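# Topology and contacts: notes
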Amino acid sequence: MSSQSIQPKKSRMTMEQRRSLTGWLFLLPATILIIWMSFYPMVRAFIVSLMRGKPTALEFSQPLWRNYQYMFKDNVFMTSLKNTFTYLIIQVPVMLILALIFASLLNQKDLKFKGLFRTCIFLPCATALVSYSIVFRTMFAYDGFVNAILIKLHLLSEPVNWLNDPTGAKAVIIIALIWRWTGYNMVFYLSSMQSIDYSIYEAARIDGASPMKQLTRITMPLLKPIILVTAIMSTNGTLQLYDESVALTNGGPANASITMSHYIYNTTFVTSPNFGYAAAMSFLILIMVAILSAIQMKVGDKR
Amino acid sequence: MSGSIFKERAKRFLMYAFLIVMSFISVFPLYWCFVSAFNTTQEVLGGKLVPGGHLMENIHNLMEQQQVFTALKNSFINTLLVVALSLTCCSIAGYGFEIYHDKWKDRVMGLLMLSMMVPFVALMVPMFQMFSAMGFLNKYIGFVLPSISTPFLIMLFRNNARTFPKEIIEAARVDGLNELQIFVRMFVPTMRPTYAAAATITFMNSWNSYLWPRVIMKTNESVTMPMLVANLTTGYIIDYGVVMAGVTICTLPTIIIFFFLQKSFTEAIAGSVK
């Protein structure tokens, strides 16, 4: 009798263990791949960042943090750092605010042609980064389309050399980035706005709240988690900016618009390859992404 | 009263005007790029906005300068391999994380999510070393391997597996299906929209990726479409009609997918954060 009552319990245990094991088997390939393709290289990146010498003959540098010290004396690196942060500080807020405005306009119930507007604003996301960079580069060329149109409209008296001017080149990159990514962020906002009860807005309108107030007092607080996610994603993306720097301005004029990733690529493969130094710079990006994400999460939590 | 109605109308007019202008700005560069593929370099730079008759000439010149078919073939093989493998690998992992979840599996999931914060450039140097040591340079496997398992897709499938009714699993177990059969015969068919969304977003990302193929694809035979397009603008004399024809060929597959699967694409983006 007693053995009979124990038996099913025992077999259920093994059944559950077997299922748990099946679960582990299901997630094993993906987990191993991520460890192999992400965490393992991360550790290696740190080790390489302490080394110097040719790619075929790397050895530990003296002192170990020599590559990290060198960064702050490297003018091109400091320029690339400054450029990347310029893009980050201007582009990310402008883009996110624009995306919020678009989303709240498109979320209006009585708006006509909603789908058409959404498709149009979202369309830039379908283009390859390299492709749209080249399109913008051609449009903003000295003898290009933008200058031709601005002169025809008498907004300019002579063509502006956008891509050969340090400020102009950075401005074009920022404009291009905003063009490419605003619709993408808008979709995030739009889909979470759909879960906000519309009657809140109606009540606010009856109370006389202006659309601007509705946006800052109702929509933004309710969307805080998703705004945080998009802010972290955009920060991460901007710190890694590469395709635009290469295909739009080629880092020029004279490295005035080069990004950190672009400079790291050049250090790794283009001029005399210096794997140790490139790894040190890339590890710095990793640390910056981590710190900025942590700050954004902290700030997002408080408010 | 009529004043406020007038004001309301003016506001609505301004709003539509704003949306129309913004939609125009969003679409215009793409329209211009497609149109320019039909025009000569002088016409492109001069700002011609209607298609001309030079498309065949531009494509002919493009074929002469670059190995367009090789690049297209490579891009399609790379992309389709990534889509097939990553959907299989990540969907079964997401299912495993959700359906059999316990304390330790949740912890592993949390760890994997951390890798989303790792910027790719930070891994570029060691990845290049690893892949050249394994002999994966210039090969499809070199392109495919890092993209098979992504935390984004695992999260997408895990979050969607939450809506999969547990009763179906129990019923299937009673019917004598084993766990893998339940996944293949029950989960996969019901989750078709999620697979469509994941396929769309993976296709776009792989097709458009540029930095990684540039790191490991070093021969002319392994070039991909975005690399080819970037190569077009490196010469001293740039034929913009040809460049725009190349950009158009590179962009068409993703635009077509975008229009067919726009809904699932937006759902994929939205579903990733639910």
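Residues numbered from 1 in each chain as written. Chains lettered and ligands numbered in written order. Predicted model: local features only at pLDDT ≥ 70, side-chain atom pairs only at ≥ 80, totals over all residues. Heavy atoms only, no water.

To continue, consider empty space enclosed by the protein. Evaluated as defined, the whole model comprises 1 cavity of 30 Å³ or more. Quantified by volume, the largest cavity comes out at close to 40 Å³. Along the walls of the largest cavity sit Thr127, Ser131, Tyr132, Val135 and Trp179 of chain A together with Pro29, Leu30, Val247 and Thr251 of chain B, which together make up its complete lining. Mapped by element, the contributors of at least two residues to the lining of the largest cavity are helix 5 (129-139) of chain A together with helix 1 (2-36) and helix 14 (240-260) of chain B. Sorting elements by how many residues they give to the lining of the largest cavity places helix 5 of chain A first, with 3 residues. Considering only residue class, the lining of the largest cavity consists of 6 nonpolar, 3 polar and no charged. (1 Å grid on protein atoms, 1.4 Å probe; cavity = no way out; pocket = protein on both sides within 12 Å on 5 of 7 lines; lining within 4 Å. Points joined across faces, edges and corners; volume = space filled by probe spheres on them. Helix = DSSP H or I, 4+ residues; strand = E, 2+ residues; numbered from the N terminus. Nonpolar A, V, L, I, M, F, W, Y, C, P; charged D, E, K, R; others polar.)

Before going further, it helps to spend a moment on the domain arrangement of chain B. Residues and elements named next belong to chain B. According to the domain assignment, chain B contains domain 1 (2-56) and domain 2 (65-271). A straight line from the C-alpha centre of domain 1 to that of domain 2 covers 33 Å. Domain 1 puts 10 residues into the contact, and the matching count from domain 2 is 10 residues. The contact between domain 1 and domain 2 buries some 770 Å² in all, and 79% of this surface belongs to carbon and sulfur atoms. When the area that domain 1 buries against domain 2 is broken down by residue, the three leading residues are Cys33, Phe34 and Thr41, summing to 51%. Here domain 1 is connected to domain 2 by 0 salt bridges. At the junction of domain 1 with domain 2, the criterion picks out 2 residue pairs in polar contact (both at pLDDT 80 or more). The greatest single-element share of the side of domain 1 that touches domain 2, amounting to 5 residues, is contributed by helix 1. Here the residues of the side of domain 1 that touches domain 2 are counted per class, giving 7 nonpolar, 3 polar and no charged. (Domains from an automatic or database assignment. Contact = heavy atoms within 4.5 Å. Buried area = accessible area lost by both parts, 1.4 Å probe. Salt bridge = Lys/Arg side-chain N within 4 Å of Asp/Glu carboxyl O. Polar contact = N/O pair within 3.5 Å; in protein donor to acceptor, adjacent residues only side chain to side chain.)

Moving on to the packing of aromatic side chains. Applying the stated criterion across every chain, the model contains 36 aromatic pairs over all chains. With 6.2 Å between their ring centres and 15 degrees between their planes, Phe136 of chain A and Phe140 of chain A make a pair best called stacked. A connected cluster of aromatic rings, assembled from ring pairs, spans Phe26 of chain A together with Tyr95, Tyr100, Phe164, Phe183 and Phe187 of chain B. The lysine or arginine in question, Arg107 of chain B, covers the ring of Trp104 of chain B, its NZ or CZ lying 4.7 Å from the ring centre. (Phe/Tyr/Trp six-rings, centres within 6.5 Å; stacked < 30°, edge-to-face > 60°. Lys NZ or Arg CZ within 6 Å of the ring centre and 35° of its normal.)

Summarising the model, chain B shows a mean pLDDT of 88, and 96% of its residues fall at 70 or more. Of all helices and strands in chain B, the one with the weakest mean pLDDT is helix 15 (residues 262-271) of chain B (69), whereas helix 4 (residues 68-99) of chain B scores best (95). (pLDDT = per-residue confidence, 0-100.)

All right, on to the domain arrangement of chain A then. Per the domain assignment, the segments making up chain A are domain 1 (2-38) and domain 2 (74-302). Just the C-alpha atoms count here: the centres of domain 1 of chain A and domain 2 of chain A sit 45 Å apart.

Right, let's get into the pattern of salt bridges. The final tally for this structure, using the stated rule, is 8 salt bridges over all chains. In this structure, the salt-bridge partner of Arg173 of chain B is Glu179 of chain B, at a minimum N-O distance of 2.9 Å. The network of salt bridges with common partners includes Arg19 of chain A together with Glu170, Arg173 and Glu179 of chain B.

Turning to the nonpolar core, a few remarks are in order. Judged by nonpolar contacts, the single largest core of 179 residues is most densely connected at Phe77 and Tyr189 of chain A together with Tyr95, Phe131, Ile154 and Val215 of chain B. Among the elements that line this core, the one with the most residues is helix 7 (residues 166-193) of chain A, at 14 residues. Once residues within four sequence positions are removed from consideration, Tyr189 of chain A is found in contact with Leu96, Ala99, Leu100, Ala103, Leu223, Ile226, Ile227 and Thr230 of chain A. (Core = buried A, V, L, I, M, F, W, Y, C linked by side-chain atoms within 4.5 Å. Buried < 20%, exposed > 50% of the residue type's maximum accessible area, 1.4 Å probe, protein only.)

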